[in-house]
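# Secondary and tertiary structure notes
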Amino acid sequence: MNLESKVIGKPVSRVDGRLKTTGTAQYSADQRPSEDRPMHAVLVKSGIPSGRITGFDLSAVQGMDGFVRFLSHLDGALIRSIKNPADGSFAAGEEYTPFESDRVDFVGQHIGLVVARALETAEAAAKAVVVKYEASTARIAFDSPDAEVRQPILYNTGEELQVSRGDVDAALAKATHTVQATYTTPIEHHNPIEPSATLAVWDGDHVTVYDATQGSVNDKNYVAFGMSLDPENVRVLNPFIGGGFGCKGFTWPHSLIAAAAARVLDAPVLLVLSRKDMYTSCGHRPYTEQEVTLAADTDGVLTATRHLTDSYRSPVGDHVEPCGLTTAMLYRCDNLEVAHNVRVLNRPSGTPLRSPGEAPGTFALESAMDELAEKLGMDPVELRRRNHTDIDQRNGRKWSSKHLLDCYDRGAERIGWARRRAPGTWREGKDLVGLGMATACYPGYRTPTQTRLTLDRDGTLHVAVAVQDIGTGLYTVLAQMVADRFRTSPDTVRVLIGDSDLPPGPLAGGSMTTASVAAAVDDACRVLSETLRARLVKIGKTLGNEPLVVDGGALRTGALSVPMTELIPTGSPAIAAEGGTNDIYGFAGGVETDKSFYSFGAIFAEVRIDRDYGIIRVPKMTGVFDVGRVINAKTARSQMLGGMTFGIGMALMEETFIDDKTGRFVNPSLGEYYVPVNADVHELDVEMLDIPDYDFNPFGARGLGEISNVGASAAIANAVYNATGIRVRHLPIRLDDLLEGLPR
Amino acid sequence: MREFALIRAETADAAIAALTAHPNARLIAGGTNLVDLMKEGVETPTHLIDINGLGGLDDVQARGNGGLMIGALASNSAVAWHSDVQVRFPMMSEAILAGATTQLRNMATMGGNLLQKNRCFYYANHAARCNKRAPGSGCDAMDGVNRMCAVLGTSDHCIAAHPSDVCVALRALDAVVHVTGVNGHRAIDFADFHKRPGDTPHVEFELAHDELILGIEVPGLPFAANSTYLKLRDRTSYAFALVSIAAALKLEGDTVDDVRLAVGSVGTVPWRSADAEDAMRGAPATAETFAKAADIFFEGAIPRAGNGFKIELAKRAIVRVMETLKERAI
């Protein structure tokens, strides 16, 4: 295709970089579209984990200067009764209708909304609302004996959650080398810097929602349904998102509540979630317990694999943490069992968090592989090589493009894997040093996407699609793609995204935006090229087959150069073209294909552990990734750095504690929920193989937002084992896990 | 909304008068802790008395005896980077710089640091029981998430650890807190300034409502030039200590001539053990001596389910810090 592109793969700086670094980018809560100052809304949240609301005492609120209105289920049907529709036209974070009933299913559930003229008043009033409850038995503890346990059939991608092939028990009975262990991962929160925020502005029967969402189209359809409107009467704007990591993926109740309040009050209403709200209002990664059993012959070839995941869901949220899906596809193994149990608990709802399933699942699987390598006396990289496969183990299809073995080679070289020694034997000064590794992988997803392209008289190309840049660099990537097809500079491309009125595109989740827009942009560029060629012919030009070049004020092809002013005479509209694709990859209902699409990688970590204190540092991590063609070397690397940093946090720090008695999260703040600081992050060494996957889309790119977080925690945990000889089977790994057993 | 009046005091007398007039007033200087607690509704003052305008309280004065007088309004940063502090009492400088963040240290004052509240997960959480916040309500930390809590100086009513870094150093250095109030000036030994919880965990300081801190006197201690502060925590910055050590060592040949040792985040107040120091004085400066002192230091410690590791961690840290100071002293 166009491997010699002047723009694809180049480290183009973010086209929106200046706006962001100067603080002039307008995020949802910054928007002030009209002269009317918005009313400020603050949520009233349930203080009990289970029961019903018997009343609200507003006596302390009603006299407050500037207090406007309290809304709750007592105000009648403000929101149309919602269940996630079978047609997939939208996805809500929770399967219940806010303010529909008096029922309470978890602490933090939205049960009321205070609206006031000033934020301070709304906050004070929300605290002063006295809620009366009739509590019922709550099941909060993970081991609640009478909690309902479900075996869900499908993940939200359509992937089967209960998988069985061959005969695991028979294989285990014959096995010479087995590993069986239980691994746990904690509750984790997304903690984007920008909290969720919704500003709803009505104009008659039309509502504009400035929403911090990873999916403007999904948001539009959900709000339209909830407000009983045609989708054309809802416009969602999200030009800038301050991080999401999944908690702004599906639409959560607060967006609808804000829209309903603005309609009732006939005034713009702004609802910004507090940091504390963020812990219970838009999901978390649930705690998981994973039992992994592996058996191998003396050559290290896997003969049996079992991965049983136990997790939970809230009564109103159907998220499953799909830890075993990776296990079902990754290594060649004929006898396999993957199962997912989900307990129904009175806890806030879970939701995807960067690499849902893959991140906690590979912690378990890749730790178990490390344990198996130890038992076999085999190098952990070699064990993975021996179980490598070119066939997707779930469906028997060949991978479209898989270069995982190269990732192992390159990673081992870059980290200096040959330096690795026997567990607990590598000492430098006061430090114990260790190396660990893990395989990373993440599915390639694509969803239907349409794109509008416009060429105007001054030679500027405009690309418009209802997708969003959640900080990943999509503005820039889109400009590069269009520039590539018209052999021009990204500077000549204007990118219009973050608006649900534009041609529909995917939700920013599942690392699928770049691959989805790649196909649509390519098609729209083809349509525009044909339109331009026809126009040139129409104005009497003779064309060859040479490609079109948008060159400043002229359109060139071969030796021909036509001024834009000639192509588009004064008074004529700019030349527009629409293109796109309805193809789906990676989800149920996807295109018929004999290929499987996945990104792969290998993560290596070096740890240094103080041999007295057990403090774990990560002086170096290497990630080598096979993610298809890299569109922008700079923003792609930035994503990988972020994901690997995420991995350090997951491995060593992140944990939300829940109080099993009250159902409350104990540490809902950035001061108490630790993520890495700069001083915790040392050398992050990233290499991308940059091998195009043209079976996947015409730009050859697969997704890369999530894969860099996959395997990172296992690589660090395995390095901790190598350094100390101590196997820690839970996350995060802290010094107190090592203190007693350190080889001092 | 919850309103409060802001009173700008230009003199100590004016501040005292305002405190006296308003029983639910709080002094505010840097506000790095108080404002957070006001947002959480844990502190609900009717009046804030801004003492930033009080003159002459924001400097560090070197005393002829080798000591220092640190004004209550001196910023944490100013003290940490003050050359006399760095030379005479490196443990103090290191302790401050191990705490919080640059931004917070620039705002936070030394007087305020002495008065900062604990960071137990249940303290600022209105849904939880906490005898410090709501006396008599109970303590959810006892059987809750108590990994950060104290093992020394606890009571049946409270196990919250004292969170300050610099107070650990000040405890080791036998600082004296100078305060003034309606009844005039008084000097409070640092050991008496912070109160163990006992039956009244909500009473945290030896400071009457009408009193304000003027300064912190650090007596001269020549061998404190050989001192250090070690902070062990879950991440490298912006985290409270799991265990911290402030120590100074003077050798006479191979023997410990004099020593100071205080440990942070293990006690309900900055903790020091006279017995542990006595066990080192006159003893050979060996790992065995230091380990024995560490054992003595933690005699009577009461671990809970989540924080027992602090004892072993602190003992190892004590030994290593003393070994480090020994090498520096030779």
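Residues numbered from 1 in each chain as written. Chains lettered and ligands numbered in written order. Predicted model: local features only at pLDDT ≥ 70, side-chain atom pairs only at ≥ 80, totals over all residues. Heavy atoms only, no water.

## Quick notes on the domain arrangement of chain B
Here chain B is partitioned into domain 1 (5-50) and domain 2 (227-329). Spacing between the C-alpha centres of domain 1 of chain B and domain 2 of chain B amounts to 37 Å. (Domains from an automatic or database assignment.)

## Thoughts on the sheet that holds strand β6 (residues 176-181) of chain B
All names here are of chain B. The sheet built from five strands is open, its strands ordered β4-β5-β8-β6-β7 with antiparallel pairing. Lying at the two open borders of the sheet, with one neighbouring strand each, are β4 (60-62) and β7 (184-189). When the angles between neighbouring strand axes are averaged without regard to direction, this sheet yields 20°. Pairing analysis gives three bridges linking β4 to strand β5 (residues 68-71), with the strands arranged antiparallel. The partner of A62 across the bridge, within β5, is L68. Contacts from helix α1 (residues 12-21) reach β6 and β8 (212-218) within the one sheet, and its direction differs from that of β8 by about 130°. (Pairing = 2+ DSSP bridges. Helix = DSSP H or I, 4+ residues; strand = E, 2+ residues; numbered from the N terminus. Axes fitted to C-alpha atoms, helices over the stretch in contact; angles between N-to-C directions. Contact = heavy atoms within 4.5 Å.)

## Concerning helix α11 (residues 474-485) of chain A
Residues and elements named next belong to chain A. Taking 1.5 Å of rise per residue, the twelve residues of α11 would be expected to cover 16 Å, and the 17 Å separating its terminal C-alpha atoms lies within 8% of that figure. Among the twelve residues in α11, twelve count as buried, and that is most of the element. The secondary structure elements touched by the buried residues of α11 are β20 (449-455), β21 (461-464), β22 (493-496), α12 (513-538), β23 (548-551) and α14 (633-652). (Expected span 1.5 Å × (residues − 1). Buried < 20%, exposed > 50% of the residue type's maximum accessible area, 1.4 Å probe, protein only.)

## Comments concerning the interface of chain B and chain A
How big an interface is tends to be expressed through the accessible area that disappears when the partners come together. Each partner contributes to the interface: chain B provides 28 residues, whereas chain A provides 33 residues. Across the interface of chain B and chain A, roughly 2800 Å² is buried in total on both sides, 57% from carbon and sulfur atoms. Taken together, the connections running from chain B to chain A amount to four salt bridges. Note that D736(A) and R147(B) form a salt bridge whose closest N and O atoms lie 2.7 Å from each other. Taken together, the links from chain B to chain A amount to nine residue pairs in polar contact (both at pLDDT 80 or more). Elements with a minimum of two residues in the side of chain B that touches chain A: β9 (227-232) and α12 (309-329) of chain B. (Buried area = accessible area lost by both parts, 1.4 Å probe. Salt bridge = Lys/Arg side-chain N within 4 Å of Asp/Glu carboxyl O. Polar contact = N/O pair within 3.5 Å; in protein donor to acceptor, adjacent residues only side chain to side chain.)

## Quick look at the domain arrangement of chain A
Residues and elements named next belong to chain A. Domain annotation for chain A reports domain 1 (17-25 + 446-581) and domain 2 (357-445 + 592-741). Each of domain 1 and domain 2 has a C-alpha centre, and these two points are 37 Å apart. Taken together, the 20 residues of domain 1 in the interface contact 16 residues of domain 2. Both sides together, the interface formed by domain 1 and domain 2 hides about 1400 Å², and carbon and sulfur atoms give 61% of it. Per-residue buried area on domain 1 facing domain 2 is highest for R446, T472 and S511; these three make up 35% of the total on that side. Where domain 1 touches domain 2, the interface holds zero salt bridges. If you look at where domain 1 meets domain 2, you find seven residue pairs in polar contact (both at pLDDT 80 or more). When contributions to the side of domain 1 that touches domain 2 are tallied by element, the ones reaching two or more residues are α11 and α12. The dominant element in the side of domain 1 that touches domain 2, judged by the number of residues it contributes, is α12, at seven residues.

## Topic: the sheet that holds strand β11 (residues 255-264) of chain B
All names here are of chain B. What the four strands build is an open sheet, ordered β9-β10-β11-β12; its pairing is antiparallel. Where the open sheet ends on each side, the last strands, each with one partner, are β9 and β12 (271-272). Pairing of β9 with strand β10 (residues 243-252), which is carried by six bridges, proceeds in the antiparallel orientation. Of the residues in β10, the one forming a bridge with L232 is V243. Packing of helix α5 (residues 90-97) onto the sheet brings it into contact with β9 and β10, and relative to β9 it is tilted by some 25°.

## What about the side chain of N335(A)?
Residue and element names in this part refer to chain A. Topologically, N335 is positioned in the loop between α7 (325-329) and β16 (336-344). Here T303 takes part through its backbone oxygen, which lies 2.9 Å from a polar atom of the side chain of N335. Apart from the residues lying within four places of it in its own chain, the contact partners of N335 are R165, G166, D167, V168, A171, T303, A304 and T305.

## Overview of the state of the cysteines
All names here are of chain B. The final tally for this structure, using the stated rule, is zero disulfides over all chains. Summary of cysteine pairing: C167 is not part of a disulfide, and the nearest cysteine sulfur, belonging to C158, is at 16 Å. With relative accessibility at 0%, the residue C167 sits in the buried group. (Disulfide = S-S within 2.5 Å.)

## Examining the packing of aromatic side chains
Residue and element names in this part refer to chain A. Applying the stated criterion across every chain, the model contains 22 aromatic pairs over all chains. Ring centres of F245 and F646 lie 5.0 Å apart, and the angle between their planes is 50°; this geometry places the pair in the tilted category. Pair noted here: F245 is in the loop between β12 (234-237) and α5 (253-265) and F646 is in helix α14, with a separation of 401 residues, a long-range link. Residue classification places F245 among the partly exposed residues on the basis of a relative accessible area of 30%. On the basis of an interplanar angle of 70° and a centroid distance of 5.3 Å, the ring pair of W399 and Y598 is categorised as edge-to-face. You can see W399 sitting in strand β17 (residues 398-399) and its partner Y598 sitting in strand β28 (residues 598-610), a full 199 residues away along the chain. (Phe/Tyr/Trp six-rings, centres within 6.5 Å; stacked < 30°, edge-to-face > 60°.)

## What to know about the nonpolar core
Residues and elements named next belong to chain A. Formed by 88 residues in total, the largest nonpolar core has its most connected members in V607, I609, M621, F625, L652, M688 and I716. With nine residues, helix α8 (residues 358-376) is the single largest residue contributor to this core. In this structure, M621 is in contact with I415, I603, F604, A605, M644, I648, E683, L684, D685, A712 and I716, ignoring residues within four places of it in sequence. Of all hydrophobic cores here, the second largest spans 43 residues; its members include I8, A483, L536 and F699. (Core = buried A, V, L, I, M, F, W, Y, C linked by side-chain atoms within 4.5 Å.)

## Re the packing of α11(A) against α12(A)
All names here are of chain A. Where α11 contacts α12, the two axes come as close as 10 Å, and the packing angle between them is 30°. When the axis of α11 is compared with that of α12, the two are roughly parallel. Relative to α12, α11 is oriented so that their crossing is right-handed. Across the interface between the two elements, L474, V477, L478, M481, V482 and R485 of α11 pack against T513, T514, V517, A518, V521, D522 and C525 of α12. Broken down by class, the residue content of the contact of α11 with α12 amounts to nine nonpolar, two polar and two charged. (Parallel < 35°, antiparallel > 145°, perpendicular 65-115°, else oblique. Left-handed = near helix turned anticlockwise from the far one by under 90°. Nonpolar A, V, L, I, M, F, W, Y, C, P; charged D, E, K, R; others polar.)

## Examining the environment of P619(A)
Residues and elements named next belong to chain A. For P619, the location among the structural elements is in strand β29 (residues 616-626). Residue P619 is classed as partly exposed on the basis of its relative accessible area of 23%. Each C-alpha atom of the pair P619 and A605 lies 8.2 Å from the other, and the pair is 14 residues apart in sequence. Apart from the residues lying within four places of it in its own chain, the contact partners of P619 are E606, V607, R608, H682 and E683.

## Things to note about the environment of D499(A)
All names here are of chain A. Tracing the backbone shows D499 in the loop between β22 and α12. Placed 32 residues apart in sequence, D499 and V467 show a C-alpha to C-alpha distance of 7.5 Å. Beyond its immediate sequence surroundings of up to four residues, D499 is in contact with S216, R235, V236, L237, N238 and A466. Only 2.4 Å separates the side chain of D499 from the side chain of R235, close enough to count as a polar contact.

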